[in-house]
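Residues per chain, in single letters:
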Amino acid sequence: MKKIVMLICFGVSLHTAKAQDESMLKSIEDSLPTTEKVTGAFKSTRVINAHSTEMLAKGNLDFRILHRFGFVSAGVKQLFGLDAASMRLSFDYGITNNIMIGIGRSTFRKEIDAFIKGRILQQTKGAKIMPISLLVAAGYAVNTEESFAVVNKPKNIVDRSAYYVQTIIGRKFSSKFSLQLSPIFVHTNFPVNATDDQNIFAMGGGARYKVSKRIALTLDYHHPFGNLDSSYTAPLSLGVDIETGGHVFQLHFSNATGMNERAYITQTTGDFFKGDIRLGFNLSRIFKVGRRH
Amino acid sequence: MKIWGFVFVILFLSSTCFAQRRLYTKTGSITFFSKTTVENIQASNNKVFSIWDIASSRIEFSALMKGFEFEKALMQEHFNENYIESDKYPKATFTGVIENGNDIALGIDKSYNLKVTGALTMHGVTKQISTLATIKVNKGVVSASTNFSVLLSDYNIKVPSLVTDNINKKIDISVNIPAFIAQK
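Residues numbered from 1 in each chain as written. Chains lettered and ligands numbered in written order. Predicted model: local features only at pLDDT ≥ 70, side-chain atom pairs only at ≥ 80, totals over all residues.

Enquirer: I would appreciate a short explanation of the pairing of strand E4 (residues 99-106) of chain A in the present structure.
Expert: Regular strands show a simple pattern: their side chains alternate between the two faces of the sheet. All names here are of chain A. With burial as the criterion, only one face of E4 is covered, namely that bearing Met100, Gly102, Gly104 and Ser106; the residues Ile99, Ile101, Ile103 and Arg105 on the opposite face remain uncovered. Bridging between strand E3 (residues 85-96) and E4 involves 8 bridges; their strand directions are antiparallel. In the strand pairing of E4, leucine 89 is matched with arginine 105. As consecutive antiparallel partners, E3 and E4 are separated by 2 residues. Bridging between E4 and strand E5 (residues 111-121) involves 8 bridges; their strand directions are antiparallel. Counted as the bridge partner of isoleucine 99 is glycine 118 from E5. Hairpin connection from E4 to E5: 4 residues lie between these consecutive antiparallel strands, with arginine 109 at a positive phi of about 60°. (Buried ≥ 20, exposed ≤ 12 C-beta atoms within 10 Å, placed from the backbone. Helix = DSSP H or I, 4+ residues; strand = E, 2+ residues; numbered from the N terminus. Pairing = 2+ DSSP bridges.)

Right, dumping it as structure tokens:
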């Protein structure tokens, strides 16, 4: 009898010992709030040319220097396009974590542009799942270059203006792969060619594939629908994002010179697949100017 | 014979009783610092879980890596994406024991300096650490705090050569539990 009691006691102590081997935290972790924002779908607020699903955080200022060189097909006499450089300088600022604004100025047609971009939905995982991120962007562009046109000369600022609205729907499928669709509507008051449509709709697509923690491959394409001069083509860009601390370098090949929505959607020339490719880079440097909270 | 039955009941009761004597918190905080001449980096997580089994002096911690807040949003993104890889390794955990933990009298106001030893797991690597912790009992409220350092290289966290001057190889960590509460 004694032995049986001893055995029972031993059994009870074994039981408690076993219970202690399992993580004690399990008993309190069940109530974890597990909805989590999916962040970092793209390295920058632009895929290459197009707005991405990323936003600047509140109080962050993004100084961007964009360069597009000439066609590589121009050959060695033009140092494969490096003799001709077109650029855009811009400042973007995060007003809140979900609203940002930006202004920029391009060499091409001496165009000044401004935009506002807002995030309506952010992709989440966990308890509450939101499969996509949804953003909208609206912008304005005005060209300030002197017109030498004999007929159809722009008379005033209205004639020089263009507007766009864009929706960005994207999803980060894995830590490496992100994809977005970005339909855009561009209205130009006074197109360069009188025969071009004032209203152009374009379907955009962008993708990112991370090859390492700090290097990613990117693709950015827009297909314009509407009547544009036959010399105009669809802008296609393939690039590499390289991240170094506060900088993001976006090196790419593209057929587009324009670096604002009006310019690259309605005024891209050159056939990407016939060697009409330009080397280009975007340099993004983020400064923290405002408080985060 | 009866005495054995009595002993058995006592043993059974005490074992179940001890198993339930646990203190926990869901609002512990962990702050880490990296100080260099170039810049100081600091981040805090105020939703750290901890549970402490009084009888066995076992103590566990758990912190979500995405719960660390930085002053610079970009730093937070880089921390999650490039350094700690939160998607792959979402949590840091610690499992250890308070040495001589039974010396702590929860009914008396007093402060103790005791050694805590155990396994710290983060970024997929588990390493043994040991630190001196201050455990205070004040009007029935039990609080605890400690400071220790870890080497980034121990946890397989690589810093690219371009920013080696910005990030200290040794990260100072401070843990603070303002109040443990009894688990029901």
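Enquirer: Just checking my understanding: could you explain the environment of Gly28(B) for this structure?
Expert: Residue and element names in this part refer to chain B. Position of glycine 28 relative to the elements: it lies in strand E1 (residues 22-35). With 24 C-beta atoms counted inside 10 Å, the residue glycine 28 sits in the buried group. In the structure, glycine 28 is positioned 110 residues away from asparagine 138 in sequence and 17 Å away in space, judged by C-alpha atoms. With sequence-adjacent residues up to four places away left out, glycine 28 is seen in contact with Val48, Phe49, Ser50, Val175, Asn176 and Ile177. (Contact = placed C-beta atoms within 7 Å.)

Enquirer: Hey, could you run me through helix H2 (residues 73-83) of chain B in this one?
Expert: In an α-helix there are 3.6 residues to a turn, and that puts residues three or four apart on one side. Within H2(B) the residues assigned to the buried category are Ala73(B), Met75(B), His78(B) and Phe79(B). Summarising the contacts, the buried residues of H2(B) are in contact with strand E2 (60-71) of chain A together with strand E2 (40-53) and strand E4 (69-70) of chain B. After H2(B) finishes, the residue Glu85(B) shows a positive phi value of roughly 50°.

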